[in-house]
Amino acid sequence: VWLPLPVEGPYDYLVPEDMTLRAGAVVEVPLGRRFEIGVVWGPGSADLEAKRLKSIVQALPVPAIAVANRRFVDWVSAYTLQPLGAVLRMVINPARRWKPKPAPSAIALTGTSLAALGLAPTLARGKVLAAFSDRSVFETAAALARAAKVSSGVVRDMLDKGALKAVSAQLPQVMGPDPNRAGPRLEPAQAAAAATLTDAVGQGFSVTLLEGVTGSGKTEVYFEAIAAALKRGQQVLVLLPEIALTAQWLERFVRRFRAPPAMWHSDMVGRMRRETRAAVTSGEARVVVGARSALFLPFPDLGLVVVDEEHDSAFKQEDGVIYHARDMAVVRARESGAPVILSSATPSLETVLNTTNQRYRRVHLPSRFGAATLPKIEVLDLRRHKPEKGPWGRAWLAPPLVASVSRALAEGEQTLLFLNRRGYAPLTLCNACGHRLHCPTCSAWLVEHRLSGRLQCHHCGYAARRPESCSSCGATNSFVACGPGIERLAEEAAARWPSARVRMVASDTLDRPSAIAELIDDILKHRLDIVVGTQVLAKGHHFPNLTLVGVVDADLGLSSWDLRAAERTYQLLHQVAGRAGRAGRPGTVLIQTHDPSHPVMQALAAADTESFLAREADSRRLLAMPPFGRLAALIVSGPDEHQVSDVGRRLAQTAPRDDGVEVLGPAPAVMALLRGRHRHRLLLKAGRDIRVQPLLADWLARVKVPGGVRVQVDVDPYSFY
């Protein structure tokens, strides 16, 4: 039995004589003085004495974990070098004591009078009895209390005293998505792409890249494949990189299939998660849309997997079990013999290489849907078009962008000002001595959030008020904000266009799923004129009246230490540019940069994705970097810097010396201190044909790591901080 715990191996148990078990059965077992939920993986060890074994407590009355799910757990564990139990924890609910789901109940009268029960006929009790005059049952005690206009305590008292009773109730069947409902009319290119995707459903494992320019209708195309899978009675999983993308997506799904899908994301509360997991396990949930962790839900009959915005780095899980959901989605579909659709306007270089090598198929949508055309993109050289200061202070918008916003406002159109930086300013320093305010537990500057009056670390969440005096030189009122965040940009927009309705949008302003839906409704109904936002608005949204996009600091991501910095910047700016002109009105995108000759800026201006990817591929191939080579990182961390450094040094001394393998480091990480833990990194670089997992496992086995130090393994790293 494997338990959903980060342990090294499975546990053996006796099977009671009156119990029959098969692989995949979910069981409750004793572990020390407590009880755990686990999964039967196979026969136990034959050489263990029966008297040393404890017995399984019970087999839970829930569907067994399908063989495809178990193979997937095995594969992820082996590939990521994470304990199998840690992966299993994402598949099953690790409740300590399993409790059967109570039968649905309703409230009815017992038929015994208040007098016979010795109860006084109060006004409140009379209201409860009167509520049954036109119906015999209420779905819940709360519904009865509302109908009778009494407190819930009155209803509970009458239940306890015998005037009311709980009766079994048959819950109404929830209507699932209707695959036979007609979708919108597809254009010829969409219809051809949809035919390719639907033909793959039911034909075993395959991977198809659905590539199309922003606004080309990719979602409606893969909806046809979803309908095909549903007609076969199979389940469908759709992965989205961010919850911010779900509001409009859900609206389109319901319009197409009449009923909503099941949802899965980190904001769901415990009960909702348990019920959704149970619905997936039983097969009742036919379509699930969710974030990366939805990949590990125990689907018994998965017929199709869709990864929308497949290029997005949010699919990379950086904590706990470290994995890339796009790559694991391909593996999950392979284990179930199901097709995978990878959808993107700017596919990752890894996916493009797989299509070039014909491992993946490719369908392409070259133009926007209907009358919409691609926006005109212009690069603004900030060395020539310097922002002009105003009464509010320093400015960040170049004169051509200011003129374009004024023109859009005059014509009744909407504008998106894009800056991928939260808060008011990324750095606060003392103008007397230069002292910079930094996080006490991370190697990061504190970001000023002027609206909340706080300085905050975006890595660990530490927050504090801005000090009145400098701790370094003692100067008072000497701290100044350096650089712009979206709060500062919104301040400038409100000052420049005082009659415009301006809204600032970032992940920390969208504090609940309903806030996203409200924001989208405000934009669609033109309650906003200018939206100042981060990447939460960069992709997936359709705003028909938004015709102008201004990128305020296009160089922001290019100075990164990330080998994918140029690719990520191109993808992000291409996506945000795609928000403009998605309906009948033409769109314009103005990109502010200090380096207009950079290949990313040139490719964006020319709308030449293929040339950019070819250039990016050549540079990676020359350095044997992914996808033309393999990387694996070891991140050593702990509260004691000397211990961390010592472990890193010993790992370097015992590093693999094979041909085609190079180990770099150890070196302090870019984020050398994170959440109070010192961090050093080592990087293993190998040829594409070398399996790095055996090398890593052997390497780690040679070094004994002290208790306070943790060594994380990141196969195929995406971040290098």
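Because the structure is predicted, anything quoted here is derived from the model rather than measured.

**Description of the sheet that holds strand S21 (residues 463–464)**
Paired through backbone hydrogen bonds, the strands of a sheet run either parallel or antiparallel to each other. Strands sit in the order S19-S20-S21 across an open sheet of three strands; the sheet is antiparallel. Where the open sheet ends on each side, the last strands, each with one partner, are strand S19 (447–449) and S21.

**Topic: the side chain of Thr609**
Inspection of the secondary structure assignment puts Thr609 in helix H17 (residues 609–623). On the basis of relative accessibility, which here comes to 16%, the residue Thr609 falls in the buried class. The contact partners of Thr609, leaving out residues within four places of it in the chain, are Tyr570 and His574.

**Focus: the pairing of strand S11 (residues 302–308)**
Of all seven residues in S11, seven are buried; the element is thus mostly enclosed. By the bridge criterion, five bridges tie strand S8 (residues 235–239) to S11 in an arrangement that is parallel. Paired with Leu237 across the bridge in S11 is Val305. Taken together, the four bridges between S11 and strand S14 (residues 339–344) define a ladder with parallel strand orientation. Looking across to S14, one finds that Val307 is bridged to Leu342.

**Examining the packing of aromatic side chains**
The description of an aromatic ring pair rests on the distance of the ring centres and on the angle between the ring planes. Under the criterion given, the structure shown has eleven aromatic pairs. With a centroid separation of 4.5 Å and an interplanar angle of 20 degrees, the aromatic rings of Tyr570 and Phe612 are classed as stacked. Note that Tyr570 is positioned in helix H15 (residues 565–577) and Phe612 in helix H17, a separation of 42 residues in sequence. One exposure class covers both Tyr570 and Phe612, and it is buried. Ring-pair connections join several aromatic residues into one group, and the members of that group are Tyr222, Phe223, Trp249, Phe253 and Phe257. Between Arg273 and the ring centre of Trp264, over which it is positioned, the NZ or CZ distance is 4.3 Å. When the ring centre of Tyr718 is taken as origin, the NZ or CZ atom of Arg564, which lies over that ring, is 3.8 Å away.

**Points about the sheet that holds strand S1 (residues 26–31)**
Overall, antiparallel pairing links the three strands, which are arranged S2-S1-S3 in an open sheet. Of all the strands in the sheet, just strand S2 (34–39) and strand S3 (58–59) have a single pairing partner and so form its edges. Examined bridge by bridge, S1 and S3 share two bridges and lie antiparallel to one another. Bridge pairing in S3 links Glu28 to Gln58.

**Focus: the nonpolar core**
Counting residues in hydrophobic clusters, the biggest one holds 81 residues, and the most contacted among them are Leu237, Leu239, Val288, Leu295 and Leu696. The element contributing the most residues to this core is helix H10 (residues 325–336), with six residues. With sequence-adjacent residues up to four places away left out, Leu295 is seen in contact with Phe72, Leu237, Leu239, Ala325, Met328, Ala329 and Arg332. In terms of nonpolar packing, the next biggest core, distinct from the first, is built from 41 residues, Phe418, Ala515, Val536 and Ala566 among them.

**A short note on the packing of helix H3 (residues 123–130) against helix H5 (residues 152–161)**
Their axes nearest at 10 Å, the elements H3 and H5 cross at an angle of 80 degrees. The orientation of H3 relative to H5 falls into the category roughly perpendicular. Every residue of H5 that contacts H3 at Ala124, Arg125, Val128 and Leu129 is listed here: Val154, Asp157, Met158 and Lys161. Classifying every residue of the contact of H3 with H5 gives five nonpolar, no polar and three charged.

**Considering the packing of helix H11 (residues 349–356) against H17**
Closest axis-to-axis distance for the H11/H17 pair is 11 Å, and the angle between their directions is 95 degrees. Viewed along their axes, H11 and H17 adopt a mutual orientation that is roughly perpendicular. Contact with H11, carried on its side by Leu349, Glu350 and Val352, involves Leu613, Glu616, Ala617 and Arg620 of H17 and no other residues of that element. When grouped by side-chain class, the residues that make up the contact of H11 with H17 number four nonpolar, no polar and three charged.

**A closer look at the pattern of salt bridges**
Summed over all chains, the structure comprises 34 salt bridges. Across the salt bridge formed by Arg649 and Asp646, the nearest N and O atoms sit 3.4 Å from each other. Pair noted here: Arg649 and Asp646 are both in helix H18 (residues 641–653), with a separation of three residues, about one helical turn. For Asp646, a relative accessible area of 30% gives the class partly exposed. Several salt bridges share partner residues, and in doing so they unite Arg503, Asp521, Asp522, Lys525 and Arg527 into one network.

Reading the values: the criteria
Residues numbered from 1 in each chain as written. Predicted model: local features only at pLDDT ≥ 70, side-chain atom pairs only at ≥ 80, totals over all residues. Heavy atoms only, no water. Pairing = 2+ DSSP bridges. Helix = DSSP H or I, 4+ residues; strand = E, 2+ residues; numbered from the N terminus. Buried < 20%, exposed > 50% of the residue type's maximum accessible area, 1.4 Å probe, protein only. Contact = heavy atoms within 4.5 Å. Phe/Tyr/Trp six-rings, centres within 6.5 Å; stacked < 30°, edge-to-face > 60°. Lys NZ or Arg CZ within 6 Å of the ring centre and 35° of its normal. Core = buried A, V, L, I, M, F, W, Y, C linked by side-chain atoms within 4.5 Å. Axes fitted to C-alpha atoms, helices over the stretch in contact; angles between N-to-C directions. Parallel < 35°, antiparallel > 145°, perpendicular 65-115°, else oblique. Nonpolar A, V, L, I, M, F, W, Y, C, P; charged D, E, K, R; others polar. Salt bridge = Lys/Arg side-chain N within 4 Å of Asp/Glu carboxyl O.

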